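The chain contents come next:
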Amino acid sequence: MANGGQKVVLITGCSSGIGLRIAVTLARDEKKRYHVIATMRDLKKKNKLVEAAGDAYGKNLVLLPLDVCSDESVKQCINSVKDRHIDILINNAGVGLLGPVESISIDEMKRVFETNFFGVVRMIKEVMPDMKKRRSGHIVVMSSVMGLQGVVFNDVYTASKFAMEGFCESMAVQLLKFNVRLSMIEPGPVHTEFETKMMEDVAKMEYPGADADTVRYFKDVYLPSSIDIFEAMGQTPEDIAKCTKKVIESSSPRFRNLTNSLYTPIVALKYADETGGLSVNTFYNLLFNLGPLMHITMSILKCLTCSCLRRRTLSPN
């Protein structure tokens, strides 16, 4: 139970990665300003979080089961919170999907949207009425730079993030009238166990339904380039947690928060040309015509991206 003055923070998807690190960062806040409710679908996966939280577990951090894909689970979770009072909701739960779209079933696509889009909508619908009544609250959504700029072979994942960005951009206007803030956190590549395993798995998979040329472009062109980008520009879950903490502690939190300033020029390409040709042709040339040059550039960037530069990418301000 929260002590007087503590803000109640509910976070989804805390079994690993970004969610785990946000939960631990807030629970171990030196000023003890947060009572963290860390949630996950399967509490059997709690060990990493409990270990990382240390003595904060059971004090400033508690665990609750939550499946964002279930209406009943979402309602039960929120009802179990004292007075249903949540000051800050951090929607972090998400799944990825990568590969040629011809080989991805509609059911797989629906699964991504069920978590990445409808899961967020369920959480917001459940906590928003109470926040509006209190005229107070902050909703944070873990989006992605892919919610702003499409990325080849990430078609379905990108679509789910675009949908979430549009939903939240629309909701933010209404919520301001009730003094409820909504903020998007938009990382680029992040080094997590999930991302590493996914990259390893997709390289070994077969892609029935996709033609040989497309599979070759995916495995021999896209994947090596993607790995170069991850190594040169990737952040850590700790980086994203620090950025998220700055956003919720801001007196005037921004709606959009790119966590990595190295991606700002990439996103700007899209808005520099209303026809869309500039960004589409730029990414095409980078991937298919300038692959060796891109590899060299990423290698140089990896050498230049020292810890001090990475620290400067963390602040949303």
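Since this is a predicted model, take the numbers as computed values, not measurements. (Residues numbered from 1 in each chain as written. Predicted model: local features only at pLDDT ≥ 70, side-chain atom pairs only at ≥ 80, totals over all residues. Heavy atoms only, no water.)

Considering the overall build of the protein
Next, step 1: Scanning the protein from N- to C-terminus turns up twelve helices and seven strands.
Next, step 2: Against the 2.2 N^0.38 benchmark of 20 Å for 317 residues, the protein shows a C-alpha radius of gyration of 20 Å, consistent with a compact globule.
Next, step 3: For the protein, with 317 residues in total, the buried portion stands at 48%.
Next, step 4: Of the contacts made within the protein by residues no fewer than 6 positions apart, 77% connect residues no fewer than 24 positions apart.
Next, step 5: Total accessible area on the protein is roughly 15800 Å²; 56% of this is exposed by carbon and sulfur atoms.
Next, step 6: Of note, the protein has its 40 positive side-chain charges centred 9 Å away from the centre of its 35 negative side-chain charges. (Helix = DSSP H or I, 4+ residues; strand = E, 2+ residues; numbered from the N terminus. Rg over C-alpha atoms; globule rule 2.2 N^0.38 Å. Buried < 20%, exposed > 50% of the residue type's maximum accessible area, 1.4 Å probe, protein only. Contact = heavy atoms within 4.5 Å. Areas by Shrake-Rupley, 256 points an atom, 1.4 Å probe, with all protein chains shown as cover. Lys, Arg positive; Asp, Glu negative; His and termini not counted. Charge placed at Lys NZ, Arg CZ, Asp CG, Glu CD.)

Side note on a nonpolar patch on the surface
Next, step 1: Nonpolar side chains collect at one region of the surface, where Tyr217, Tyr284 and Phe288 lie side by side and expose about 280 Å² of accessible area between them.
Next, step 2: With respect to the helices, strands and loops of the structure, Tyr217 is situated in helix 7 (residues 212-233).
Next, step 3: Classification of Tyr217 as partly exposed rests on a relative accessible area of 32%. (Patch = residues over 30% accessible without salt bridge, like charges linked within 9 Å, V, L, I, M, F, W, Y side chains within 5 Å. Salt bridge = Lys/Arg side-chain N within 4 Å of Asp/Glu carboxyl O.)

Notes on the packing of helix 3 (residues 71-79) against helix 4 (residues 106-134)
Next, step 1: At their nearest, the axes of helix 3 and helix 4 sit 10 Å apart, and the two run at 35° to each other. Like other packed secondary-structure pairs, helix 3 and helix 4 cross with a definite hand, here right-handed. Contacts between helix 3 and helix 4 involve Asp71, Val74, Lys75 and Ile78 from the first element and Arg122, Met123, Glu126 and Val127 from the second.
Next, step 2: Among the residues forming the contact of helix 3 with helix 4, the class breakdown is four nonpolar, no polar and four charged. (Axes fitted to C-alpha atoms, helices over the stretch in contact; angles between N-to-C directions. Left-handed = near helix turned anticlockwise from the far one by under 90°. Nonpolar A, V, L, I, M, F, W, Y, C, P; charged D, E, K, R; others polar.)

A short note on the UniProt feature "active site" (unreviewed entry) in the protein
Next, step 1: The UniProt entry lists Tyr157 under the feature "active site" (unreviewed entry), expressed in the numbering used here.
Next, step 2: Residue contacts for Tyr157: discarding those within four places in its chain leaves Val95, Gly96, Leu97, Val112, Asn116, Ser144 and Met146. (UniProt positions renumbered as here; feature names shortened; annotations may be inferred.)

What to know about the pattern of salt bridges
Next, step 1: One pass over the full model with this rule turns up 16 salt bridges.
Next, step 2: A salt bridge links Arg122 to Asp71; the nearest nitrogen and oxygen atoms lie 2.5 Å apart. Here Asp71 lies in helix 3 and Arg122 lies in helix 4, a separation of 51 residues in the sequence.
Next, step 3: Residue class for Asp71 comes out exposed when judged on its relative accessible area of 56%.
Next, step 4: Between Arg84 and Glu126 there is a salt bridge; the shortest N-O distance is 3.1 Å. In this pair, Arg84 is assigned in the loop between helix 3 and strand 4 (88-91) and Glu126 in helix 4, connecting sequence segments 42 residues apart.
Next, step 5: The class of Arg84 is partly exposed, set by a relative accessible area of 22%.
Next, step 6: One network of salt bridges, with partners in common, ties together Asp29, Arg33, Lys245 and Glu249.

Details of the sheet that holds strand 7 (residues 256-258)
Pairing between sheet strands relies on hydrogen bonds along the backbone, with the strands arranged either parallel or antiparallel.
Next, step 1: If you walk across this open sheet you meet the seven strands as 3-2-1-4-5-6-7, and the pairing is parallel. Looking at the sheet topology across the chains shown, the edges are occupied by strand 3 (61-65) and strand 7. Across the sheet, the axes of successive neighbouring strands diverge by a mean angle of 20°, strand direction being ignored.
Next, step 2: Where strand 4 lies against strand 5 (residues 137-142), four bridges are found, and the strand directions are parallel. When the bridges of strand 5 are listed, Ile88 appears paired with His138.
Next, step 3: The strands touched by helix 8 (residues 237-249) within the sheet are strand 2 (34-40), strand 4, strand 5, strand 6 (180-186) and strand 7, with strand 5 carrying the most contacts at an inclination of about 155°. (Pairing = 2+ DSSP bridges.)

Quick word on unusual backbone geometry
Next, step 1: Despite not being glycine, Lys32 shows a phi value in the positive range, around 50°.
Next, step 2: Looking at where Lys32 falls in the secondary structure, it is placed in the loop between helix 1 (17-27) and strand 2.
Next, step 3: Looking at Lys32, the relative accessible area reads 53%, which means it is exposed.
Next, step 4: You will see that Asn179, though not glycine, has its phi angle at about 60°, which is positive.
Next, step 5: Mapped onto the secondary structure, Asn179 falls in the loop between helix 5 (155-176) and strand 6.

A short note on the side chain of Lys132
Next, step 1: Mapped onto the fold, Lys132 is located in helix 4.
Next, step 2: Nearest to the buried, unbridged Lys132 among oppositely charged side chains is Asp130, at 11 Å.
Next, step 3: Apart from residues lying up to four places away in sequence, Lys132 is in contact with Gln174, Leu175, Phe178 and Val180.

Topic: helix 5
Next, step 1: With 22 residues, helix 5 ought to run about 32 Å at 1.5 Å a step, and its terminal C-alpha atoms sit 32 Å apart, in line with that.
Next, step 2: Residues of helix 5 that are buried include every one of Val156, Tyr157, Thr158, Ser160, Lys161, Met164, Glu165, Cys168, Met171, Ala172 and Leu175, and no others.
Next, step 3: Elements in contact with the buried residues of helix 5: helix 4, strand 5, strand 6 and strand 7. (Expected span 1.5 Å × (residues − 1).)

Let's talk about the environment of Ser160
Next, step 1: With respect to the helices, strands and loops of the structure, Ser160 is situated in helix 5.
Next, step 2: By relative accessible area, Ser160 is classed as buried at 0%.
Next, step 3: Sequence separation between Ser160 and Ser183 is 23 residues; the distance between their C-alpha atoms is 17 Å.
Next, step 4: Those residues within four positions of Ser160 in sequence are excluded, and the remaining contacts are Val112, Phe113, Asn116 and Phe117.

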